[in-house]
Every structure is written in C-alpha cells, then in structure tokens.
Amino acid sequence: MGNIIHPTEEEIKFHISADVINIDERNKVLNHCNTFGLFDQLGNISPGGKMVQGVYHDGTRFLNKLNLAIDGKKPLLLSNAIKEDNEILSVDLTNPVLSEGKVAENTVHISRTQLIRNKVFLEELQCRYFGDQPCQFDLSLSFGADFRDIFEVRGIQREVKVPPVKLKKEGDRLSFQYMGLDNVARETTIVISSTADFYVIRDTVHFTVMLQPAEQAVISYTIYLKTDQEKNMDIDFQLAQETTNEELSSTRRLFASIYTSNTQFNHWINRSMADILSLLTRTESGYYPYAGVPWYNTAFGRDGIITAMELLWLAPAIGRDVLLFLASKQATEFIPEKDAEPGKIMHETRNGEMANTGEVPFKEYYGTIDATPLFIMLAGMYYERTADADTIKQLWPHITAALFWIDHYGDIDGDGWVEYKHKARNGLTNQGWKDSFDSIMYEDGELAEPTIALCEVQGYVYAAKKHAAKLAVVRDELSLAGQLEKEAALLKQKFNEQFWDDQLNCFVLALDNNKRPCRVVSSNAGHCLFTQIATEEHARTLADTLLSNNMFTGWGIRTLSAVEKRYNPMSYHNGSIWPHDNAMIAYGLSLYGFEQQVLKIMQGMFDAGLFIELQRLPELFCGLDRRRGEGPTAYPVACSPQAWSVAAVFMLLQACFRVHINAVTKTVTFEKPLLPTYLEQVYISNLILGDSLCHLNLTRLHTDVGFNLLQKPDDWSVIIKK
C-alpha cells in the first residue's frame with residue numbers, strides 16, 4: 001500500500017516548476033541542432049524575470065543578455081515573426097522621440113534579423129531614416145554571458161562555488177570566458193561589423209549613427225559559442241543564410257511532401273516539417289531528432305524512437321539514423337548509478353557542466369523501461385518499410401542484446417512482465433513515458449509501489465518480439481524466430497487476462513510489486529492498440545472508453561480520466577493532453593478499423609493547432625474541456641518545438657489514410673482510407689519506395705476516397721482496399 005504523497009528531494013529536483021518561466025513573456029524561439037535561443041518580443045534577451053531567456057549550446061547558456069537601445073531608450077515594437085522555415089526571427093522596431101525632440105518618433109525604422117546555426121548566433125540590424133532633416137543618435141547593444149547549466153536555469157540549486165566569468169575586449173570583439181568545474185573552457189565571442197562608427201564601454205557596444213533622409217546604416221555581428229579550444233570558421237550573416245538554405249534543401253529531400261486543398265492544414269504540415277528539420281542534429285550516426293526546446297534539446301532514446309516511428313512512412317532514413325545512434329550508445333555493463341544494464345537503450349545524454357561533474361546523472365543515463373523494446377520495434381518497422389538488410393545485419397547484435405535485456409533484466413522478478421525500479425540514487429522514480437514522480441497511482445490516489453509493470457510496456461515487448469521474430473527469419477535464425485513468436489502469443493494471452501478490467505472497460509495502468517493493479521483509466525491503455533496486444537473484443541470496448549467524455553476533451557485524449565482521484569488537467573501527466581500520445585492512439589485505432597474515432601482525434605488536434613501560435617503543437621497542453629469559441633489552455637513550461645509533438649500530424653495522416661508500405665513485398669496498401677471533411681484533396685509526392693519515388697493524389701468523394709497514381713516504380717504495386 002502506498003503512503004500519502006510526499007515527493008522526495010530528488011523527485012522535486014528534476015521537476016520543472018510551472019513558475020520557472022513567466023507565461024506572459026511569450027518568448028520567441030530559434031533553434032538549430034545543438035543550439036537554441038529564447039528571445040523577448042523585441043529580439044532582446046533579458047537577464048531579469050525568470051531568467052530563462054538566452055542563447056544555449058550543448059546544455060549551457062552562452063548568452064544571457066542582449067539589449068538593444070536607441071539613445072538609451074527602449075525601441076518601440078511594430079511587429080515580429082518567425083519565418084516559415086523556422087530559421088529567422090524578424091523584428092520591426094521604431095524610435096521614441098530622440099535627441100530632446102530633434103528626432104521625431106516613428107521616423108527611424110530598425111529591422112532586426114536574427115539567425116541561429118549550430119554554435120553560432122548572428123544578427124543584422126538595418127536602420128533607415130524617414131525624417132526630412134539629418135539625424136544622429138546612439139544605438140547600443142549590451143551583451144552578457146553567465147554560462148549557467150540548463151538544469152540550473154530549470155531551478156536546481158548548485159551546492160558548489162561557481163567560478164567567475166571573465167570579460168575581454170579587443171578591437172572589434174568582446175569575449176566572455178568561463179572555465180567550468182568540469183575543466184571545460186567555454187567562451188562567448190562577439191565580433192562586430194558596422195557601417196557606423198562604434199566604441200565599447202564594458203559590455204556595451206555603442207554605434208554613432210548619422211543618417212541623411214532615406215539613408216540606411218547596417219550593423220551586424222556574429223557570436224561564436226566555443227567549447228575548449230574549438231576554432232570557429234569565420235561566418236557572416238549572408239553566408240550563414242546561404243548555408244542554412246542549402247542545408248534545408250538537403251534535409252528536405254529526406255522527406256516525402258504532402259500538400260492539401262486546405263491552406264490552414266498546409267500551414268500545420270509546413271510548420272511541423274520546419275520544426276522537425278530544426279531539431280534534426282548531425283551525429284556520428286547521421287541525423288537524430290533532438291527532443292525539444294528549451295528543456296530537452298538533446299538526444300533522448302524514447303523520444304527519438306517515437307519521432308522516427310511517426311515519420312517512418314515519409315522519411316525512413318531518419319529511422320535508420322536513430323537506430324544506429326542508439327545502438328552506439330547501448331549499455332554493455334551493469335552500472336547502477338546510471339540505471340545501466342547490458343543491452344539497455346539509453347534514456348538521455350547530456351554534455352553540460354552539471355552532467356559532466358555528476359551533479360545530475362544524465363551524462364549517459366539509462367533510466368527508461370520502454371526505450372529498449374521500442375528500439376526493437378523500430379528496427380522491425382524500419383526493415384519492413386525499406387527492406388534494408390545491410391542495416392539490420394549491422395544492428396542484429398544490438399537487437400539480440402536488447403532481447404536479452406528484456407528477458408534477464410527487464411523482468412526483475414521472473415513473472416513474465418517487464419517492470420522497473422530505479423537503482424540510481426538520484427535517478428528517475430518512474431521510468432515509462434509518464435516519468436513524473438506522481439504519474440503511477442492506485443484508484444484511491446496513492447502512489448504505486450515499485451516494481452511497476454506498465455500496461456503499454458507489455459505491449460511494446462509484445463510488438464518487439466513479433467518484429468524480432470520476422471527479423472530473425474531474415475537473419476536465417478528460424479529457431480529463434482519460432483521461439484519469439486511463441487513468447488509473443490503467450491504474452492498477449494496472459495496480458496489480456498491479467499491487465500483487462502471489466503469494470504473499468506480498460507486495461508489497468510500497471511501492476512505493482514505485489515501484482516496489485518493500478519485500477520485507473522489512462523491513455524497508456526491506448527498504446528496497447530498501437531502495439532496490437534489488445535484482442536479485438538477488448539480493443540472495441542477500449543475505443544469507446546478512450547473517446548468517452550471523461551477522456552476526450554474535444555481537443556484530444558487526456559492522459560488520465562477526469563473521474564480519477566489524481567486527475568488534474570493542469571498537471572504534467574495526470575490529465576493533460578499530449579499530441580504524440582494522441583497520434584499513437586489514433587494509429588492504433590486505425591489498425592483495428594475504428595475510422596470515426598481516428599477522425600475525431602485528428603479533428604481535435606487540427607482545431608487545437610488553429611488557436612496555438614505558429615500552429616505549432618507543443619509538448620502538451622492542459623486537459624480542460626473544450627469551450628466554444630476558445631482555444632486549448634496552455635501548459636506553462638511545455639517545450640515548443642517538441643519533436644514527437646510536431647511529428648504527430650504525420651502519424652495522424654497515416655492513421656487516416658491507413659497506408660502501409662512494405663518494401664519486402666514491394667507494396668503500398670491503402671485499406672479503407674478516409675479523408676476528413678476539411679481535406680478535399682491530398683497530394684503526396686517524392687514518397688521513397690526503394691531507390692525510386694512515388695507521386696499520387698487522394699480525392700474525397702463523399703464517403704469514399706479516389707486515387708490518381710501519377711508515378712510509381714515498375715516493380716511496386718499500389719493496392720487500394722475499399
């Protein structure tokens with residue numbers, strides 16, 4: 001029996017408090033690979049408030065102050081925008097009255113164009129004068145760097161004395177330098193270029209701007225974010241823009257294109273694609289989708305795998321790169337302080353000072369129960385999508401090691417369930433995707449006692465063994481294939497017998513260390529449709545439960561039913577709405593043929609996006625009931641962009657189309673596809689099939705869907721089942 005809830009000091013430490021950021025700051029986000037920035041509406045970075053603004057790289061804030069002033073005054077905001085491709089923040093400003101009334105207000109237009117590339121931040125300012133007499137004013141830029149670790153910014157108090165930051169000035173540059181407790185030297189170097197004369201006082205650069213009517217001054221600077229003795233190649237704003245555009249063109253070729261007859265839906269697709277591209281980070285194994293900005297801008301195992309699954313039908317190469325990266329990080333030994341065990345797939349990796357010194361355990365951390373079976377699932381799904389036997393050959397030792405982990409480490413007490421109980425002193429208490437300390441509970445609201453066997457994890461294990469069995473056939477290990485098929489069948493039977501609850505009309509959330517069920521209705525059960533561990537009978541009942549008023553808000557499916565003791569629509573995991581969760585459930589519903597439920601979820605997610613800035617679905621939003629004429633309620637510290645959230649639209653479309661691509665049999669199958677009423681036509685181009693491409697159109701015809709096949713490889717078949 002659990003006790004009254006009192007989170008431990010360690011649990012509190014890693015919780016991101018809702019007041020870590022002021023919701024009314026409405027930060028603008030730029031991100032590229034391992035670098036991101038949070039700016040205010042003017043394009044500034046303020047060290048005040050909750051101090052979350054800044055330019056970050058590799059888990060460290062390299063710039064914590066950027067303030068533009070004109071004659072010492074705050075410019076007036078006209079407008080701002082993140083460009084469609086997510087690469088530029090554009091801000092338009094004008095002036096208050098200057099020089100004791102000699103320069104009238106609204107006569108100087110200041111255009112700020114900011115761009116982030118990995119390890120570099122660039123800005124170009126253009127000042128154009130629209131008065132009728134010559135003018136002169138002081139334009140100043142103040143800079144600062146504190147080199148705070150992202151965990152410190154999140155609110156963790158450090159128990160060590162932090163070294164000072166040193167400031168150096170030399171000619172056209174400023175340099176902030178910091179030697180960390182991890183013996184890593186970090187440096188923020190600002191290099192100035194200007195058509196106006198300038199001088200430097202302490203941390204502020206002053207530009208003397210003298211303009212004739214209709215004349216323009218251009219000021220630009222580059223900020224290099226250096227670690228140790230890195231040498232940055234000189235780059236100016238124009239070169240950075242050109243390089244960014246070339247990179248965007250290159251990475252877009254990884255993806256098929258989707259265009260629809262609905263302009264608003266197209267914007268959702270385009271924004272999601274731009275966000276995914278901005279989160280894709282080059283690793284030694286290829287591209288990896290970093291989890292999200294600002295708190296999780298690094299490689300997470302579970303997040304990367306699920307993002308790759310959401311994108312697999314459109315961008316299979318991402319799945320390959322994710323698998324290869326995680327295989328390279330797979331645990332090979334038992335290290336309790338990392339929750340590492342042989343064959344286990346990592347939870348996350350960090351490179352900031354606090355991770356390097358061990359103040360937080362996440363340098364390479366393995367406290368996840370589900371990444372390992374999900375890794376095997378993705379490998380099987382990837383092979384079916386691509387028939388890439390060479391990659392599977394390379395991955396096979398890692399797949400068999402993961403299978404070994406499931407049976408010998410994942411099943412702690414030998415009862416046939418994969419369960420968790422953290423070993424690391426300061427590791428995560430809960431290790432499923434709902435990893436907040438209070439997310440697993442009994443029906444009376446008390447916390448469950450570990451070890452904990454989550455319902456969705458058993459589904460992942462079932463699907464992992466089904467996929468591994470097929471891969472074993474490819475590897476000509478027929479005995480292993482037969483064994484895995486048998487184990488999967490027994491697991492499915494046992495699971496439906498022991499996890500199903502007739503009173504709840506749902507799978508229980510989990511079993512505790514005494515096999516006592518956590519009898520609550522949660523979205524976790526929906527993942528049992530995604531993995532198809534649910535029987536047809538239970539799936540039909542579960543679909544009704546998930547779409548009932550207690551679970552479905554009008555925007556999406558809640559993480560926890562509104563009738564449960566711990567339900568809180570403003571919590572992280574106990575009643576909120578997560579787009580990736582809904583996409584996986586929708587896809588699972590489509591596998592059982594529940595088309596109307598799929599359309600209902602798609603409608604809710606699409607409608608929610610229409611109210612959200614940039615039409616960018618965040619990590620999560622609150623699970624309050626939908627109110628007429630109002631949008632969804634924001635969660636205060638949600639990451640945005642978040643990879644598996646912005647990728648959700650692509651799995652939702654796959655669920656509607658009910659499209660299955662099998663490169664082994666060289667077939668593309670649409671089984672009773674549906675188009676929502678707001679999508680009259682959908683155009684899919686550059687769909688990768690083997691070494692060739694496919695282009696096709698879908699048209700909504702009342703209750704049917706028409707197809708126009710424009711191009712396909714000669715040796716592939718496109719099958720429409722109605």
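Keep in mind that what you see is a predicted model, and the values were worked out from it rather than measured.

The next subject is the pairing of strand S18 (residues 280-283). Remark: a regular strand shows side chains that alternate across the two faces of the sheet. As defined by bridge partners, S18 adjoins strand S19 (residues 286-289) across four bridges and the pair is classed as antiparallel. Its bridge partner lying in S19, Thr281 is registered against Tyr288. From the end of S18 to the start of S19, which pair antiparallel, there are two residues.

Secondary-structure assignment places Val705 in strand S30 (residues 704-711). Spatially, the C-alpha atoms of Val705 and Pro134 are 65 Å apart, while their sequence positions differ by 571 residues. Sequence-distant contacts of Val705, that is, excluding residues within four places in its chain, are made with Pro673, Leu674, Leu675, Leu698, Thr699 and Lys722.

Ordered in space as S6-S7-S8-S9-S16-S13-S12-S11, the eight strands form an open sheet in which the pairing is antiparallel. The strands lining the two open edges of the sheet, one partner per strand, are strand S6 (76-82) and strand S11 (166-170). In this sheet, adjacent strand axes meet at a mean angle of 15° when their direction is disregarded. Along the sheet, helix H3 (residues 237-252) makes contact with strand S7 (88-94), strand S8 (108-117) and strand S9 (120-129), crossing S8 at roughly 50°.

Let us now look at a nonpolar patch on the surface. A surface patch of nonpolar side chains, amounting to about 200 Å² of accessible area, comprises Val160, Val162 and Leu181. Inspection of the secondary structure assignment puts Leu181 in the loop between strand S12 (173-179) and strand S13 (185-194). Assessed through its relative accessible area of 36%, Leu181 is described here as partly exposed.

Here the focus is the sheet that holds strand S4 (residues 60-63). With respect to topology, four strands assemble into an open sheet ordered S1-S2-S3-S4, the strand pairing being antiparallel. Each of the sheet's edge strands pairs with one partner strand only, and the pair in question is strand S1 (28-32) and S4. Geometrically, the sheet is characterised by an average inter-axis angle of 25° between neighbouring strands, direction not taken into account. Bridge count between S1 and strand S2 (residues 35-39): five bridges; the pairing is antiparallel. Looking at the pairing, His32 lines up with Thr35 of S2.

Helix H15 (residues 595-611) packs onto helix H14 (residues 579-591) with a crossing angle of 160° between their chain directions and a minimal axis gap of 9 Å. Between H14 and H15, the crossing angle belongs to the class labelled roughly antiparallel. Considering the relative orientation of H14 and H15, their crossing is left-handed. Across from Pro579, Asn582, Ile585, Ala586, Leu589 and Ser590 in H14, the residues of H15 making contact are Gln597, Val598, Ile601 and Met605. Of the residues in the contact of H14 with H15, the class split is seven nonpolar, three polar and no charged.

Let us now look at the environment of Asp146. Structurally, the position occupied by Asp146 is in the loop between strand S10 (135-144) and helix H2 (150-154). Residues Asp146 and Met377, spaced 231 residues apart in sequence, show a C-alpha to C-alpha distance of 42 Å. With near-sequence residues (within four places) excluded, Asp146 lies in contact with Arg61, Asn64 and Val165. At a separation of 2.7 Å, a polar atom in the side chain of Asp146 contacts the side chain of Arg61.

Another aspect to go through is the environment of Val668. Mapped onto the secondary structure, Val668 falls in strand S27 (residues 667-671). Its relative accessible area of 1% is what places Val668 among the buried residues. Sequence separation between Val668 and Gly416 is 252 residues, and the spatial gap between their C-alpha atoms is 36 Å. Val668 has contacts with Val659, His660, Ile661, Leu689, Trp716, Ser717, Val718 and Ile719, leaving out every residue within four places of it along the chain.

This part covers the state of the cysteines. On inspection of all chains with the given rule, the structure shows zero disulfides. Cysteine Cys135 shares no disulfide, and the gap to the nearest cysteine sulfur, in Cys127, comes to 9.4 Å. Residue Cys135 is classed as buried on the basis of its relative accessible area of 6%. Not part of a disulfide, Cys528 finds its nearest cysteine sulfur in Cys455, a span of 4.3 Å. Given the relative accessible area of 0%, Cys528 is considered buried.

Attention now moves to empty space enclosed by the protein. The tally for this structure, following the rule as stated, stands at five cavities of 30 Å³ or more. Taken together, 15 residues line the largest cavity, and the ones lying closest to its centre are His32, Glu247, Leu248, Leu277 and Ser278. Partitioned by chemical class, the residues of the lining of the largest cavity number six nonpolar, six polar and three charged. Of the volumes computed, that of the second largest cavity is approximately 80 Å³. Considering the residues around the second largest cavity, the lining is formed by 13 residues, among which Glu341, Lys344, Lys421, Lys423 and Gln431 are closest to the centre. Counted by class, the lining of the second largest cavity contains five nonpolar, two polar and six charged residues.

All told, the structure shown has 32 aromatic pairs when counted by the stated rule. Taking 4.8 Å as the distance between ring centres and 40° as the angle between the ring planes, the aromatic pair formed by Phe495 and Phe507 counts as tilted. With a gap of twelve residues between them, Phe495 in helix H11 (residues 478-498) and Phe507 in strand S24 (residues 506-507) connect regions that are remote in the sequence. Taken as a pair, Phe495 and Phe507 share a single burial class, namely buried.

Turning next to the nonpolar core. In this structure, Phe255, Phe265, Trp313, Phe375, Ile601, Leu653 and Phe657 are the most contacted members of the largest nonpolar core, which totals 193 residues. Among the elements that take part in this core, helix H10 (residues 455-474) stands out by supplying eleven residues, more than any other. The next biggest cluster of nonpolar side chains, apart from the first, holds 45 residues, and it includes Leu30, Phe121, Cys127 and Phe137.

Here we come to the packing of helix H5 (residues 301-311) against helix H8 (residues 371-386). Each packed pair of helices is defined by two parameters, the angle between the axes and the distance between the axes. Packing of H5 against H8 leaves a shortest axis separation of 10 Å and a crossing angle of 25°. Viewed along their axes, H5 and H8 adopt a mutual orientation that is roughly parallel. Considering how the two elements wind past one another, H5 and H8 form a crossing that is left-handed. Here Gly301, Arg302, Ile305, Ile306, Ala308 and Met309 of H5 lie close against H8, whose contacting residues are Ala371, Leu374, Phe375, Met377, Leu378 and Met381. Residues of the contact of H5 with H8, tallied by class, amount to ten nonpolar, one polar and one charged.

What follows is about the pattern of salt bridges. What the rule picks out here adds up to 33 salt bridges. With a closest N to O distance of 2.6 Å, Arg558 and Asp625 form a salt bridge. Of the two residues, Arg558 is situated in the loop between helix H13 (536-546) and H14 and Asp625 in the loop between H15 and helix H16 (643-646); the sequence distance between them amounts to 67 residues. Its salt-bridge partner being Asp704, residue Lys722 comes within 3.5 Å of it at the nearest N-O pair. Pair noted here: Lys722 is in the segment after strand S31 (717-721) and Asp704 is in strand S30, with a separation of 18 residues, a long-range link.

Moving on, we come to the side chain of Thr559. Along the chain, the position of Thr559 falls in the loop between H13 and H14. Within the structure, Thr559 has its side chain in polar contact with the backbone nitrogen of Gly575 (distance 2.7 Å). Look past the residues within four positions of Thr559 in its chain and what remains in contact with it is Trp433, Lys434, Ser522, Ser523, Asn524, His573, Asn574, Gly575, Ser576, Trp578 and Asp581.

What follows is about helix H6 (residues 316-328). Taking 1.5 Å of rise per residue, 13 residues should cover 18 Å, and H6 covers 19 Å from first to last C-alpha, within 8% of that figure. Turning to H6, its buried residues are Pro316, Ala317, Ile318, Gly319, Asp321, Val322, Leu323, Leu324, Phe325, Leu326 and Ala327. As for H6, its buried residues are in contact with S18, S19, H5, H8, helix H9 (389-410) and strand S28 (681-689).

Conventions and cut-offs
- Residues numbered from 1 in each chain as written.
- Predicted model: local features only at pLDDT ≥ 70, side-chain atom pairs only at ≥ 80, totals over all residues.
- Heavy atoms only, no water.
- Pairing = 2+ DSSP bridges.
- Helix = DSSP H or I, 4+ residues; strand = E, 2+ residues; numbered from the N terminus.
- Contact = heavy atoms within 4.5 Å.
- Axes fitted to C-alpha atoms, helices over the stretch in contact; angles between N-to-C directions.
- Patch = residues over 30% accessible without salt bridge, like charges linked within 9 Å, V, L, I, M, F, W, Y side chains within 5 Å.
- Areas by Shrake-Rupley, 256 points an atom, 1.4 Å probe, with all protein chains shown as cover.
- Salt bridge = Lys/Arg side-chain N within 4 Å of Asp/Glu carboxyl O.
- Buried < 20%, exposed > 50% of the residue type's maximum accessible area, 1.4 Å probe, protein only.
- Parallel < 35°, antiparallel > 145°, perpendicular 65-115°, else oblique.
- Left-handed = near helix turned anticlockwise from the far one by under 90°.
- Nonpolar A, V, L, I, M, F, W, Y, C, P; charged D, E, K, R; others polar.
- Polar contact = N/O pair within 3.5 Å; in protein donor to acceptor, adjacent residues only side chain to side chain.
- Disulfide = S-S within 2.5 Å.
- 1 Å grid on protein atoms, 1.4 Å probe; cavity = no way out; pocket = protein on both sides within 12 Å on 5 of 7 lines; lining within 4 Å.
- Points joined across faces, edges and corners; volume = space filled by probe spheres on them.
- Phe/Tyr/Trp six-rings, centres within 6.5 Å; stacked < 30°, edge-to-face > 60°.
- Core = buried A, V, L, I, M, F, W, Y, C linked by side-chain atoms within 4.5 Å.
- Expected span 1.5 Å × (residues − 1).

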